[in-house]
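Now for the letters of each chain:
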Amino acid sequence: MSIDFKKKVPVVGKEPRKRRRKVGIGHYAVNVWLIFWAVLSVIPMLWLVLAPSKTDREVSYKNPLSFASFHGFVRAWKNLQDFNSGVLAHWVINSITYNAAIVLIASVTASLAGFVISASRIRFKKAFLISTLIMMLVPPVALVIPLFIEMNKVNLIDNPLSVILISSLYPFGAFLSYIYYSNTIPPEIYESARLDGCSDFQLYSRIAFPLSYPLLALLGFFAFVGNWGNYFMPYIMLPSPEHYTLPVGLGALFFSTPAINPGNGGTSVPILKPEIALAGILVAVPVMIVFLISQKRLIRGMLAGSIKE
Amino acid sequence: MSPGRRNKPKNLLMILMLSPYLLLLFLFGVLPLIMAIINVPSKSPSNPNGGWHVFKIVLHDFRLVPAMWHVLGFMALFVPLMILFVVAMSMMLDVNSAPWKKWVRLAYIVPACVSGSVAVLLWYVLLEPTLSPFKGVMHWFGITQATQIWKTSNLTYILVFMAFFALAGQWILIQFGSLQSISTEILEAARVDGCSQFQLATRIKLPLIRKYVIYMGVLVFAGGLQIFVEPQLLNSSVYHGIAQQWSFDQLSYSLAFDNGNFGEASALSLMLLVPSLIGALIVIFKTDMFEDVTLKSSKKIKKEALEREAVKA
């Protein structure tokens with residue numbers, strides 16, 4: 001296990017294996033295909049970002065990738081704010097507060113766990129790591145019904161604590177931290193610190209924590225990206241509209257307006273396609289910004305523990 | 001990894017620091033399973049006397065077989081498509097490192113931000129002939145009305161496209177990252193021996209990234225088996241009735257929340273957990289993805305500690 005978190009990531013690195021060779025037609029075909037797929041990847045997001053600039057009628061009849069006016073965004077935003085006496089503000093605040101709590105609890109508990117496993121000699125280390133790996137590889141959706149039963153027993157249904165606590169279990173983060181601490185801090189440092197009279201907690205607070213900033217950034221990134229768009233868990237645990245998160249609220253918007261399905265009946269405020277697209281932007285764009293900034297981290301993190309150098 | 005052998009650490013503080021995570025792992029990883037198992041034999045309208053034969057009742061539910069065919073059909077297309085496409089694309093990206101490819105890679109990550117309800121919104125638009133940015137192409141194929149596309153018989157393909165489009169980009173980048181970790185000496189040696197780009201990809205690179213491909217395969221398989229949000233939202237909000245209890249998880253959801261039958265819902269959840277668990281165990285024990293965790297026996301740790309002491313001496 002020897003991933004170096006400080007090393008420049010190979011993804012954008014210039015490899016030395018470049019060498020002049022004959023370029024055939026196949027080479028151009030490959031490049032054209034790569035660019036074609038890149039364009040295809042961006043078009044839906046482009047539509048989403050441009051749609052609120054238009055009126056509902058223009059969304060249907062104008063060029064789908066055209067821009068109409070900035071006023072469109074303002075109008076769609078006002079309409080969204082008026083929907084159900086401003087419930088959208090609740091959804092935005094909920095999404096931000098739930099995610100902030102999840103990112104904080106998940107990152108702290110996972111980094112502490114990773115530190116303990118790498119620095120201590122407690123028993124059942126291997127069993128602990130294997131159970132963490134299993135939790136990491138089983139999709140969270142698999143446990144939703146059992147979790148609902150559990151939360152129902154302790155009366156936490158429709159209480160945001162249920163979503164915050166459940167989502168704070170962060171096995172991937174614990175594993176990542178274990179790899180990080182194992183690779184960045186040699187055990188000899190802990191040994192000499194102990195000889196100097198450091199307690200176990202001081203080993204963390206004075207040695208491991210100050211070296212953890214890159215790790216904490218990684219943990220926060222993955223916890224945020226994994227939870228911001230989460231639909232199923234809050235959908236099941238939080239049935240009251242005032243507790244919805246943005247993705248669940250967006251689902252509710254679909255359901256309650258005729259914008260997408262005329263069979264859904266009308267609403268008092270015009271919630272039509274531009275408004276729905278704007279709500280979609282609120283869900284998708286924060287993740288996109290974080291993703292684009294941290295592309296390298298995503299790859300390094302996903303491969304953590306397995307890149308051999 | 002193991003601290004000093006002479007002054008044995010007092011582990012109490014360490015255990016205290018580990019306990020918040022351990023508590024979460026127990027409360028939301030282990031306890032729900034115990035509760036689901038306890039819940040399975042409880043009395044319900046379909047199982048008035050209670051008992052473990054509820055598993056049998058679930059297996060005989062008339063909605064299970066259609067859901068199974070839907071999900072199997074979905075997986076049969078989705079998993080191989082993902083693996084082949086992602087491996088091929090990452091190999092193409094890895095052929096050389098022209099600077100413009102940085103932008104291509106950035107573009108590939110964009111669909112990953114579109115998940116759940118936003119993905120449903122976007123796919124509704126993409127496949128609606130009056131709204132779609134691709135409406136020209138659709139009209140060219142003679143598709144002018146949404147009903148030509150949005151029908152239950154097409155749902156498998158639509159969901160495959162949705163899942164594929166959302167996940168392919170980020171996995172291409174991840175597999176590209178794994179390809180970049182292959183040592184340049186190996187690749188140079190193969191080139192000197194006369195390997196073509198194709199041979200290099202199939203005979204050298206592919207075997208070297210095999211474990212990452214298996215890792216991806218298991219995660220994609222486990223995720224696909226639990227498909228829920230997309231068919232559920234399509235069914236409840238966009239085209240009513242198009243995907244009624246289409247997937248296993250929708251059936252499990254419907255058993256729990258429409259029928260109030262948590263015994264059957266728990267039984268189905270537990271049954272669905274088995275393939276995911278087997279997949280996880282295969283990755284952990286049958287590939288060398290996490291070999292340092294699984295193979296590091298206490299003997300090896302002791303040996304390492306002894307070696308360190310020897311070096312110090």
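As the structure is a prediction and not an experimental result, all values here were calculated from the model.

Conventions and cut-offs
- Residues numbered from 1 in each chain as written.
- Chains lettered and ligands numbered in written order.
- Predicted model: local features only at pLDDT ≥ 70, side-chain atom pairs only at ≥ 80, totals over all residues.
- Helix = DSSP H or I, 4+ residues; strand = E, 2+ residues; numbered from the N terminus.
- Buried ≥ 20, exposed ≤ 12 C-beta atoms within 10 Å, placed from the backbone.
- Contact = placed C-beta atoms within 7 Å.
- Nonpolar A, V, L, I, M, F, W, Y, C, P; charged D, E, K, R; others polar.
- Core = buried A, V, L, I, M, F, W, Y, C linked by C-beta atoms within 7 Å.
- pLDDT = per-residue confidence, 0-100.
- Axes fitted to C-alpha atoms, helices over the stretch in contact; angles between N-to-C directions.
- Parallel < 35°, antiparallel > 145°, perpendicular 65-115°, else oblique.
- Left-handed = near helix turned anticlockwise from the far one by under 90°.

## Concerning the overall build of chain B
Part 1: Secondary structure summary: chain B contains 15 helices and zero strands in total.
Part 2: For chain B, the residues scored as buried account for 42% of the 313 residues in total.
Part 3: Residue pairs in contact within chain B that sit at least 24 positions apart in sequence constitute 69% of those at least 6 positions apart.

## What to know about the overall build of chain A
Part 1: When helices and strands are tallied, chain A shows 15 helices and zero strands.
Part 2: The burial tally for chain A puts 47% of its 309 residues in the buried class.
Part 3: Contacts spanning at least 24 positions in sequence make up 74% of the contacts within chain A whose residues lie at least 6 apart.

## Here we look at the interface of chain A and chain B
Part 1: At the interface, 93 residues of chain A touch 98 residues of chain B.
Part 2: In terms of residue count, the dominant contributor to the side of chain A that touches chain B is helix α1 (residues 25-50) of chain A (12 residues).
Part 3: Taken together, the residues of the side of chain A that touches chain B sort by class into 67 nonpolar, 17 polar and nine charged.

## Thoughts on the nonpolar core
Part 1: Counting 174 residues, the largest nonpolar core has Val116 and Phe148 of chain A together with Leu122, Trp123 and Ile172 of chain B as its most contacted members.
Part 2: The greatest single-element share of this core, amounting to 15 residues, is contributed by helix α7 (residues 155-180) of chain B.
Part 3: Ignoring anything within four residues of it in the chain, the contact list for leucine 122 of chain B reads Pro44 and Leu48 of chain A together with Val114 of chain B.

## Structural notes on the confidence of the model for chain B
Low pLDDT means the predicted coordinates in that region are not meant to be read closely.
Residue and element names in this part refer to chain B.
Part 1: Here chain B averages 85 in pLDDT, and 90% of its residues register 70 or above.
Part 2: Below a pLDDT of 50 lies the segment residues 1-9, which in the model reaches 24 contacts outside its immediate sequence neighbourhood of four places, other chains included.
Part 3: We note a pTM of 0.82 for the whole complex and an ipTM of 0.83 for its interfaces.

## Some words on the environment of valine 213 of chain B
All names here are of chain B.
Part 1: Along the polypeptide, valine 213 turns up in helix α10 (residues 210-225).
Part 2: Judged by C-beta crowding, with 18 C-beta atoms within 10 Å, valine 213 ranks as partly exposed.
Part 3: Residues within four places of valine 213 in sequence aside, it is in contact with Ile83 and Val87.

## Describing the confidence of the model for chain A
Residues and elements named next belong to chain A.
Part 1: Across chain A, the average pLDDT comes to 84, with 85% of residues at 70 or higher.
Part 2: Every residue in residues 1-15 is under pLDDT 50, and counting partners more than four places away or in other chains gives 35 contacts.
Part 3: Below a pLDDT of 50 lies the segment residues 305-309, which in the model reaches 11 contacts outside its immediate sequence neighbourhood of four places, other chains included.

## Notes on the packing of helix α14 (residues 273-293) of chain A against helix α5 (residues 116-126) of chain B
Part 1: Axis separation between α14 of chain A and α5 of chain B bottoms out at 9 Å; the angle between their running directions is 140 degrees. Considering the angle they form, α14 of chain A stands oblique to α5 of chain B. Pair α14 of chain A / α5 of chain B crosses with left-handed handedness. Here Ile276, Gly280, Val283 and Ala284 of chain A of α14 of chain A lie close against α5 of chain B, whose contacting residues are Ser117, Val118 and Leu121 of chain B.
Part 2: Of the residues in the contact of α14 of chain A with α5 of chain B, the class split is five nonpolar, two polar and no charged.

## A few points about the packing of helix α5 (residues 125-137) of chain A against helix α13 (residues 262-286) of chain B
Part 1: Two elements in contact, α5 of chain A and α13 of chain B, have axes separated by 9 Å at closest approach and are oriented at 125 degrees. Classified by the angle between their axes, α5 of chain A and α13 of chain B sit oblique to one another. For the crossing formed where α5 of chain A meets α13 of chain B, the hand is right-handed. Residues Ile130, Leu133, Ile134 and Leu137 of chain A of α5 of chain A form the contact with α13 of chain B, whose own contacting residues are Leu277, Gly279, Ala280, Val283 and Ile284 of chain B.
Part 2: Among the residues making up the contact of α5 of chain A with α13 of chain B, the classes are represented as eight nonpolar, one polar and no charged.

## Some thoughts on unusual backbone geometry
Residue and element names in this part refer to chain A.
Part 1: The backbone of asparagine 155 sits at a positive phi, close to 55 degrees, despite the residue not being glycine.
Part 2: Along the chain, asparagine 155 turns up in the loop between α6 (144-153) and α7 (160-168).
Part 3: Non-glycine residue aspartate 158 carries a positive phi angle of around 70 degrees.
Part 4: Inspection of the secondary structure puts aspartate 158 in the loop between α6 and α7.

## Considerations on the environment of isoleucine 242 of chain B
Residue and element names in this part refer to chain B.
Part 1: Here isoleucine 242 shows up in the loop between α11 (229-238) and α12 (248-257).
Part 2: When the 17 C-beta atoms within 10 Å are taken as the criterion, isoleucine 242 is described as partly exposed.
Part 3: Beyond its immediate stretch of four places on either side in the chain, isoleucine 242 contacts Trp150, Thr152, Leu155, Leu234 and Asn235.

## Considering the environment of proline 231 of chain B
Residue and element names in this part refer to chain B.
Part 1: Its location among the elements puts proline 231 in helix α11.
Part 2: Given 26 C-beta atoms within a 10 Å radius, proline 231 is considered buried.
Part 3: With 18 residues separating them in the primary sequence, proline 231 and aspartate 249 have C-alpha atoms 10.0 Å apart.
Part 4: If sequence neighbours within four positions are ignored, proline 231 has contacts with Leu159, Ala243, Trp246, Ser247 and Gln250.

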